[in-house]
Amino acid sequence: MSYRTHTCGELTVRNIGERVTLAGWTARVRDLGGLVFVDLRDRYGKTQIVALMSSPTAEFFKSLHNEDVMQVIGTVQARPTGMANRQMPTGEIEVAAESAALLSQAAPLPLGVEDEEEASEEVRLRYRYLDMRRPRLMNNLLLRHKALQSVRRFHDEQGFVEVETPFLIRSTPEGARDYIVPSRVQPGCCYALPQSPQLYKQALMVGGVDRYCQITRCFRDEDLRRDRQPEFTQIDLEMAFVDEEDVFAHTERMMQRLVKDTLSLDIDLPLPRLNYFDALARFGSDAPDLRFGLEISRLDAQFRGAGFRAFDEALANDFSVFGINAAGKGELSRRERVELEERAKSEGLPGLLTVPVSSQGLGGALGKLFDATRTAELLRVMESKPGDLLLFAAGEERSILTGLGRLRRRLAEQWRLISKGEYKFCWVINPPLFEVSADGELTPAHHPFTSPIAADIDKLETEPLKVCAKAYDLALNGFELGSGSIRIHSPRLQERVFKAIGINIEEARHRFGFLLEALGYGAPPHGGIALGFDRIVMLLAGETNIREVIAFPKTNVASSLMDGAPTPVDDQQMAELGVKWINISKNT
RNA sequence: GGGGAUGUAGCUCAGUUGGUUAGAGUGACGGCCUGUCACGUCGUAGGUCGCGAGUUCGAGUCUCGUCAUCCCCGCCA
């Protein structure tokens, strides 16, 4: 006989009179003396079990503890008139118990499975298997499953081949720090866990797998954030014989389908596109949040010669002035404006000038400095009207823009300019191919296999920093969902790019192993994208933290509180690997 | 590596200018109760105030250090 004939979420009035067997967790026991109710729960729902004092099971029910696992055999019956619970799907019926069996006993729980939100992050992570019994995490896991199936089904329909690539790979010094795995068979050598399957998917293109997709784990040993875990899942895809437009079209349809399959929402295509520099200039971010305004304006011309000393000095130093129109915020109190200025400093801005706009013109520090013409011009550029509050900051262009970008997001949250359930995607396209690293070297902004846009190839040797890449990021609601590019498939162009960043072909071959060789054996034009699956699910779930959509996530210092990883390992294990610790100061 | 927040009963929290025996809700345990559904009701147990120093007649409260969890900057091709 099977453990259960039905789940705890499916019995309704249609089942009245049926003899059923249910199994699940004891969610609650309501002992009324001569009458006992038990809510039996599984992931499908809850069903009320009832036993009269005269019933042989009543004594057993009274002895139950919360979360004991049991099996009940009984008959589905309608609840007495007026006793239905309209809150729950099974609320019109109950199961009159004939017999019951305890399947497993539960000790008192360290967190309340029944109450929502009443547990610290620490306790939830330590007892993740209990947290899972609560609807929030369970629903997120179910949503994640749906999203996985949607993406797989879509790619299968489109003729994509799912190929698994290795987890034990060659370490490359580029990019994020690698997780390292020492080899026992080859003492002194290590594998790395992949930061992404980049090199392999390009090899697959050379191999003729012209449409590849993989939903796979990636590993990066960097500090965590609310949208970053050391191991995370990517939707990785690559296509041969395509240009950017093909990748855009494919990715957009995948996202459209994903949002439809999970949330039943329709996304309009094509998705808007922003040039990388425009995104930075207007939103102070390469992953702009388009759900609200507060756009940034460049105001060098409007402030030049206006006599505002701090900004004049900045302009004289080749710095810039930028502003944001906080529409309708002109009535903020003196104190609120000071708080705003403090907030700006905490976002890395050197300072913030706040100026209310009234029907008389500009207030605050600019009231006396700006004449009618200058005022009119400023209001025109900032699209401002009386009742607004203007925010200004001056300094080095990029740092002011990114600072204002962070402030912009904070203010939108604080002022509740974002409505829930809105999904605003956008492509951010054609970023620079190279950037200058901290030590002054030219480095690839994306990765060294990214193709420059055709029009810029001639500048590779002369003005490398002006070369734009055939690369693109997909952003959603202020988060980077993923990025990709059209790759270089010509060994000659690849060589020029390496030369531009100061590495010769031998060195490149040493660092990137097989890929360069592969490109020499007939590589089709190809490109692709990799999307952060956890982030996508986080946003679909309406969560603000990636941990909420990961079954067993890590803490800020990359610990797993449930199993205690990472731990020291035996000397024996280390000896086999030929590895010895030095200078260990803590955690030993 | 840097900045910020938090840490008090199993859980979620309160605890005043430093002052007697550290409280509440919930959960746990025991009793009563025949229509509950956050059942009600009566009772009982439950504390290394994260840890370690220091200041003080006296520290949950003040100072320093340290650990843990969270958020941000750096970092994340």
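Rules used throughout
Residues numbered from 1 in each chain as written. Chains lettered and ligands numbered in written order. Predicted model: local features only at pLDDT ≥ 70, side-chain atom pairs only at ≥ 80, totals over all residues. Heavy atoms only, no water. Helix = DSSP H or I, 4+ residues; strand = E, 2+ residues; numbered from the N terminus. Buried < 20%, exposed > 50% of the residue type's maximum accessible area, 1.4 Å probe, protein only. Contact = heavy atoms within 4.5 Å. Areas by Shrake-Rupley, 256 points an atom, 1.4 Å probe, with all protein chains shown as cover. Lys, Arg positive; Asp, Glu negative; His and termini not counted. Charge placed at Lys NZ, Arg CZ, Asp CG, Glu CD. Salt bridge = Lys/Arg side-chain N within 4 Å of Asp/Glu carboxyl O. Pairing = 2+ DSSP bridges. Axes fitted to C-alpha atoms, helices over the stretch in contact; angles between N-to-C directions. Core = buried A, V, L, I, M, F, W, Y, C linked by side-chain atoms within 4.5 Å. Domains from an automatic or database assignment. Phe/Tyr/Trp six-rings, centres within 6.5 Å; stacked < 30°, edge-to-face > 60°. Lys NZ or Arg CZ within 6 Å of the ring centre and 35° of its normal. Near = heavy atom within 4 Å. Polar contact = N/O pair within 3.5 Å; in protein donor to acceptor, adjacent residues only side chain to side chain. Nonpolar A, V, L, I, M, F, W, Y, C, P; charged D, E, K, R; others polar. pLDDT = per-residue confidence, 0-100. Arc of directions from axis to C-beta.

This brings us to the overall build of chain A. Of regular secondary structure, chain A possesses 17 helices and 22 strands. Taken along the three principal axes of its C-alpha coordinates, chain A extends 95 × 75 × 55 Å. Here chain A holds 588 residues, and 47% of them are scored as buried. Residue pairs in contact within chain A that sit at least 24 positions apart in sequence constitute 68% of those at least 6 positions apart. Counting every atom, chain A has about 29,600 Å² of accessible surface; 50% of that belongs to carbon and sulfur. Across chain A, the mean location of the 72 positive side-chain charges is 2 Å away from that of the 83 negative side-chain charges.

Here we take up the pattern of salt bridges. Throughout the structure, instances matching the rule amount to 42 salt bridges. Of the charged contacts, one joins Glu 238 and Lys 201 as a salt bridge, the two residues approaching to 3.3 Å between their closest N and O atoms. In this pair, Glu 238 is assigned in strand E10 (residues 231-240) and Lys 201 in helix H5 (residues 198-206), connecting sequence segments 37 residues apart. Each member of the pair, Glu 238 together with Lys 201, is buried. Arg 257 serves as the salt-bridge partner of Asp 261, at 4.0 Å between the closest nitrogen and oxygen. Taken together, the residues span about one helical turn, with Asp 261 and Arg 257 both in helix H6 (residues 244-263) at a distance of four residues. What makes Arg 257 partly exposed here is its relative accessible area of 23%.

Strands sit in the order E1-E2-E3-E5-E4 around a closed barrel of five strands; the barrel is mixed. Averaged over all adjacent pairs, the angle separating strand axes in this sheet is 55°, with direction ignored. Sheet analysis places strand E1 (residues 19-31) next to strand E4 (residues 69-78), joined by seven bridges and oriented antiparallel. Counterpart to Leu 22 in the pairing with E4 is Val 72.

With that settled, the discussion passes to the nonpolar core. If you look at the biggest cluster of nonpolar residues, it comprises 40 residues, and the most contacted ones within it are Met 255, Phe 425, Leu 481 and Leu 531. The contacts of Leu 531, once residues within four sequence positions are left out, are Thr 233, Gln 234, Ile 235, Thr 251, Met 254, Met 255, Leu 474, Leu 481, Gly 482 and Ile 536. Of all hydrophobic cores here, the second largest spans 22 residues; its members include Ile 296, Ala 326, Leu 332 and Ile 400.

Split by domain assignment, chain A resolves into domain 1 (13-104), domain 2 (139-274 + 426-562) and domain 3 (292-418). Taken over C-alpha atoms, the centre of domain 1 sits 63 Å from the centre of domain 3.

On to the packing of aromatic side chains, then. Tallied over the full model, the rule gives 13 aromatic pairs. Aromatic rings pair up to connect Phe 303, Phe 308, Phe 311, Phe 370 and Phe 392 into one cluster. Over the ring of Tyr 127 we find Arg 126, and its NZ or CZ is 4.6 Å from the ring centre. Lying across the ring of Phe 370, Arg 374 places its NZ or CZ 5.8 Å from the centre.

As a further point, take the protein's contact with RNA strand B. For RNA strand B, the set of nearby residues contains 48 residues, the closest of which are Arg 28, Asp 31, His 65, His 446 and Asn 545. A distance of 2.5 Å separates a base nitrogen of RNA strand B from a polar backbone atom of Asp 31. Here Asn 85 contributes a side-chain N or O atom positioned 3.2 Å from a base oxygen of RNA strand B. Listing elements by their share of the surface near RNA strand B, those giving two or more residues are E1, strand E2 (35-42), strand E3 (45-52) and helix H2 (121-126). Considering each element in turn, the surface near RNA strand B owes the most residues, three residues, to E1. Here the residues of the surface near RNA strand B are counted per class, giving 15 nonpolar, 15 polar and 18 charged.

Further remarks concern the environment of Ser 346. Its place among the elements puts Ser 346 in helix H10 (residues 334-346). Assessed through its relative accessible area of 54%, Ser 346 is described here as exposed. It is 46 Å that separates the C-alpha atoms of Ser 346 and Gly 188, two residues lying 158 residues apart in sequence. Within polar-contact distance, the side chain of Ser 346 engages the backbone oxygen of Arg 343 at 2.8 Å.

The strand order E12-E13-E16-E14-E15 describes an open sheet built from five strands, whose pairing is antiparallel. Each having just a single partner strand, strand E12 (296-298) and strand E15 (361-362) make up the two edges of the open sheet. The pairing of strand E14 (residues 353-358) with E15 spans two bridges and is antiparallel. If you follow Ser 358 over to E15, its bridge partner there is Gly 361. The strands touched by helix H9 (residues 309-316) are strand E13 (320-326), E14 and strand E16 (389-395); relative to E16, the strand with the most contacts, the crossing angle is about 40°.

The next thing to look at is the pairing of E14. With five of six residues buried, E14 is to be regarded as a mostly interior element. Counting the residues that bridge the hairpin from E14 to E15 gives two residues.

Of all residues in chain A, 98% have pLDDT values of 70 or greater, and the mean over the chain is 93. Note on the complex model: pTM 0.94, ipTM 0.92.

Taken residue by residue, H5 has Gln 198, Leu 199, Lys 201, Gln 202, Leu 204 and Met 205 as its buried positions. One or two positions beyond H5, positive phi appears at Gly 208, with a value near 95°.

All right, on to helix H14 (residues 505-512) then. Along H14, the residues classified as buried are Ala 508, Arg 511 and Phe 512. Buried residues of H14, seen end-on, are gathered within an arc of 80° and therefore sit on one face of the element. Relative to its buried face, H14 has exposed residues pointing more than 90 degrees away, namely Glu 506 and His 510. Each element contacted by the buried residues of H14 is listed here: H5, helix H13 (491-500) and helix H15 (514-519).

This part is about unusual backbone geometry. Excluding glycine, most residues fall at negative phi; most peptide bonds, likewise, are trans. Here Leu 269 and Pro 270 are connected by a cis peptide whose omega angle stands at -5°. Along the chain, Pro 270 turns up in the loop between H6 and strand E11 (273-275). The omega angle of the peptide bond from Ala 565 to Pro 566 is 0°, so this bond is cis rather than trans. Examined against the element boundaries, Pro 566 turns out to sit in the loop between helix H16 (533-540) and helix H17 (571-577). The phi dihedral of Glu 67 is positive, around 75°, even though this residue is not glycine. By the element assignment, Glu 67 lies in the loop between helix H1 (58-62) and E4. Positive phi outside glycine occurs at Asp 318, with the angle close to 70°. For Asp 318, the location among the structural elements is in the loop between H9 and E13. Since its relative accessible area comes to 72%, Asp 318 is described here as exposed.

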